[in-house]
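Structure assessment
Here's the letter readout for the chains.
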Amino acid sequence: MILHPSLASADPLCLGSVIDKLANQNIGSLHLDIEDGNFIHNITFGSKLVKAVVQATKQAISIHLMVSQPLFWVRELAPFAPKWIFFHPEAVNNPSEIIAEIKKIGAKAGIALNPSTAVAPYQYLTDKLDAVMVMTSEPDGEDQQFIPLMVEKIQQVSSLFHPLECWVDGGISADKMPFLKKMGINNIVLGRALFTTDDYEKTIKQFSD
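Residue positions are counted from 1 within each chain, in the order its sequence is given. Whole-chain, interface and lining totals are the exception, using all residues; otherwise, since this is a predicted model, local features are given only for residues with pLDDT of at least 70 and side-chain atom pairs are given and counted only at 80 or more. By convention in this description, side-chain values take in all heavy atoms of the structure and omit both hydrogens and water.

Here's the deal with the nonpolar core
We define a nonpolar core as any set of buried Ala, Val, Leu, Ile, Met, Phe, Trp, Tyr and Cys residues linked to one another through side-chain atoms lying within 4.5 Å. A simple rule labels every residue: compare its accessible area, found with a 1.4 Å probe on the protein chains alone, to the largest value its type can have, and call it buried under 20%, exposed over 50%, or partly exposed in between. Formed by 58 residues in total, the largest nonpolar core has its most connected members in Leu7, Leu22 and Leu65. Each helix is a run of H or I in the DSSP string that is no shorter than four residues. Each strand is a run of E no shorter than two, and both are numbered from the N terminus. Ranked by residues supplied to this core, first place goes to helix H3 (residues 70-77) with four residues. Dropping the residues within four chain positions of it, Leu22 is found in contact with Pro5, Leu7, Ile27, Leu30, Gln59, Leu194, Phe195, Tyr200 and Ile204. Any two residues having at least one pair of non-hydrogen atoms within 4.5 Å are treated as being in contact.

Observations regarding unusual backbone geometry
Between His162 and the following residue, Pro163, the backbone shows a cis peptide bond with an omega angle of 10°. For Pro163, the location among the structural elements is in the loop between helix H5 (150-160) and strand S7 (165-169).

Observations regarding the packing of aromatic side chains
Two aromatic rings, drawn from Phe, Tyr or Trp (for Trp, its six-membered ring), form a pair once their centres lie within 6.5 Å of each other, and the interplanar angle then sorts them: stacked below 30 degrees, edge-to-face above 60, tilted otherwise. Inspection of the entire model under this criterion finds six aromatic pairs. One aromatic cluster is present, built from ring pairs that chain together Trp84, Phe86 and Trp167. Geometry around Tyr200 places Lys21 over its ring, the cationic atom sitting 5.4 Å from the centre. Cation placement over rings: the criterion is NZ of Lys or CZ of Arg within 6 Å of the ring centroid and within 35° of the ring normal.

Overview of the pattern of salt bridges
The term salt bridge refers to a side-chain nitrogen of Lys or Arg lying within 4 Å of a carboxyl oxygen of Asp or Glu. Scanning the entire structure with this criterion turns up four salt bridges. We note a salt bridge from Glu101 to Arg75, for which the minimum N-O separation is 3.2 Å. In this pair, Glu101 is assigned in helix H4 (residues 95-104) and Arg75 in helix H3, connecting sequence segments 26 residues apart. For Glu101, a relative accessible area of 12% gives the class buried.

Put into structure tokens, the structure is as follows:
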């Protein structure tokens, strides 16, 4: 199981310390959610903070663009050489254009699908993509709880987008791991389940085993 700690769930006043604690951990990447206040009603990280994170770590960086203009952000992020960039195809008319731009800057390309977004309409992108991220929660004012029905969506993605990697993001806790493993999920974005604990190494091991 490959874990991607989401820094948006960490204490923003302690990001430097958090990054230091994760420096030697067995993780896939440090995960940064960029939210513009338009696509969803929240604002998180901008390019200055992304640059600071990149300069502070040797870990790979994965980016999740929850923005209304992903093309602008892909180009803005190019100097920081992220390993992964996920965007929401719901936000654009021509997802292939965004995928091509992501590949152009040397990153792997993924789409992220909100809980209400149908899977099948985007199957045509399979041969262009590297991964699909299933959002297993949404900004609901209730700490973004895991939505049980998303299990069916994960199964759809695993089937329709085979052999792409399937990531999951949202409300993932330790009790969800057994069935996620059974479905072949091996990339999990981890937020509060990690950053509300005192021992990152112990928690990462618990989720990875």
